[in-house]
Amino acid sequence: MTMLPGNYLGRKGGSGVAQWIINKMPFHDVYIEPFCGCAVVASLKKMAMVDNVLIDKNIDLIRFLKTHYSSYDNFTVLNVDCFSFLDTFICDYVGQGKKVLVYLDPPYLPEVRSDYVRSQYEHELTMLQHRQLLSLMRDRLLQFPKNLYFIISGYKSDLYMSMLQDWFYFEFQTMSRGGVRIESLWTSFNPDEYIKHQYDYVGSTFTERQRIKRKCDRWISKFQKLSFDEQMVIYESLKNTLNI
Ligand SMILES: C[S@@+](CC[C@H](N)C(=O)[O-])C[C@H]1O[C@@H](n2cnc3c(N)ncnc32)[C@H](O)[C@@H]1O
């Protein structure tokens, strides 16, 4: 895989934070990331089958991502202001009956940055735009109570805590340029109640994920030693137990 820009501000690359976010994602046909930056989360997750829409106002990053994803038919990479396009994508795809997941990682509010002067993006959001974004999500959820899921990350702030008070809230300790920080995540749904989009990042740390993977390898190796009929008995009863 081509290396994505490694030092981009706010990049979700450190300490397993991208894996932690992906592990909360429910199954979806369409993935939309309107503030994608260098798209670390999109590059680590299993792609959505119908469309993967990556949007950022930063022309250099989008040029890079367009090259990176040029051979995929199901990637739409756009250098536009997401406020003009996000709503259209959501309404079109949910209107067609697709399951749509929108993951947002907007520029952080000034009040939650340890060094606002030095840590600025070329494109920032005003306080009003943060409010508009949160209102847009709430409005669309009222319009489409099914098949639409939002995940938004950032740092804890009064604005987000009050406007998303009925959402699910999670924290993750990570390293940023300013030292140890608590990354916050809000989801419009309870992740425990949905089939995940992928199961490769189950486990809260790298060590735990390794432990689960080793356990899986042991069980698979035992399973492979059984006769085909015995394998099918187990397969059928697993399906019944899991109701799938
Ligand atoms: C916190 S960063 C995202 C970092 C990203 N998660 C990553 O892993 O690289 C926020 C991004 O939002 C972009 N941005 C700011 N305003 C925007 C807008 N109105 N429309 C689209 N992108 C915008 C910035 O260019 C920046 O790349």
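This one's a predicted model, so the numbers in the text were calculated from it and none came from an experiment. (Residues numbered from 1 in each chain as written. Predicted model: local features only at pLDDT ≥ 70, side-chain atom pairs only at ≥ 80, totals over all residues. Heavy atoms only, no water.)

(A) A look at helix α8 (residues 228-242). The end-to-end C-alpha distance of α8 is 21 Å, a good match for the 21 Å that 15 residues give at a rise of 1.5 Å each. Positive backbone phi, at 60°, marks N243, one or two positions downstream of α8. (Helix = DSSP H or I, 4+ residues; strand = E, 2+ residues; numbered from the N terminus. Expected span 1.5 Å × (residues − 1).)

(B) Expanded view of the pattern of salt bridges. Tallying each qualifying case throughout the model produces six salt bridges. The closest approach of N and O atoms between K156 and E171, which form a salt bridge, is 4.0 Å. Of this pair, K156 sits in the loop between β5 (148-154) and α6 (158-163) while E171 sits in strand β6 (residues 168-176); the two residues are 15 residues apart in sequence, bridging distant segments of the chain. For E171, a relative accessible area of 44% translates into the label partly exposed. (Salt bridge = Lys/Arg side-chain N within 4 Å of Asp/Glu carboxyl O. Buried < 20%, exposed > 50% of the residue type's maximum accessible area, 1.4 Å probe, protein only.)

(C) The domain arrangement of the protein, seen in detail. According to the domain assignment, the protein contains domain 1 (17-193) and domain 2 (206-242). The C-alpha-based centres of domain 1 and domain 2 are spaced at 35 Å. (Domains from an automatic or database assignment.)

(D) Representation of the pairing of strand β2 (residues 51-55) within the structure. Burial within β2 is extensive, with five of its five residues counted as buried. Of the two faces of β2, the one holding D51, V53 and I55 and the one holding N52 and L54 are both buried throughout. Judged from the four bridges that link them, strand β1 (residues 30-33) and β2 form a sheet pairing that is parallel. Each bridged residue has a counterpart across the sheet, and for V30 the counterpart in β2 is D51. Judged from the four bridges that link them, β2 and strand β3 (residues 75-78) form a sheet pairing that is parallel. Considered in β3, the bridge of V53 is made with T76. (Pairing = 2+ DSSP bridges.)

(E) Broad picture of the side chain of T187. Mapped onto the elements, T187 comes out in strand β7 (residues 179-187). Of the polar contacts made by the side chain of T187, one reaches the backbone oxygen of F189; its length is 2.7 Å. Apart from the residues within four sequence positions on either side, T187 is in contact with F150, I151, W167, F168 and F170. (Polar contact = N/O pair within 3.5 Å; in protein donor to acceptor, adjacent residues only side chain to side chain. Contact = heavy atoms within 4.5 Å.)

(F) Structural view of the environment of V17. When you line up the elements, V17 lands in helix α1 (residues 17-22). A C-alpha to C-alpha distance of 9.6 Å links V17 and S204, two positions 187 residues apart in sequence. Not counting residues up to four positions away in its chain, the partners in contact with V17 are K12, F172 and E183.

(G) Region of the structure containing a nonpolar patch on the surface. Where nonpolar side chains cluster on the molecular surface, the patch consists of F27, I195, Y199, V233, I234, L238, L242 and I244 and spans about 820 Å² of accessible area. When you line up the elements, V233 lands in helix α8. On the accessibility criterion, V233 (56% relative accessible area) is exposed. (Patch = residues over 30% accessible without salt bridge, like charges linked within 9 Å, V, L, I, M, F, W, Y side chains within 5 Å. Areas by Shrake-Rupley, 256 points an atom, 1.4 Å probe, with all protein chains shown as cover.)

(H) Up close: the layout of surface pockets. Considering only enclosed or pocket space, the second largest pocket measures out at about 440 Å³ in volume. As for the second largest pocket, its lining consists of 13 residues, of which W219, I220, F223, I234 and L238 are closest to the centre. Broken down by secondary-structure element, the contributors of at least two residues to the lining of the second largest pocket are α7 (206-224) and α8. It is α7 that provides the largest number of residues to the lining of the second largest pocket, a total of seven residues. (1 Å grid on protein atoms, 1.4 Å probe; cavity = no way out; pocket = protein on both sides within 12 Å on 5 of 7 lines; lining within 4 Å. Points joined across faces, edges and corners; volume = space filled by probe spheres on them.)

(I) Quick peek at unusual backbone geometry. Even without glycine at this site, N147 takes up a positive phi of about 70°. Residue position: N147 is located in the loop between α5 (127-143) and β5. The phi angle at N243 is positive, at roughly 60°, despite the residue not being glycine.

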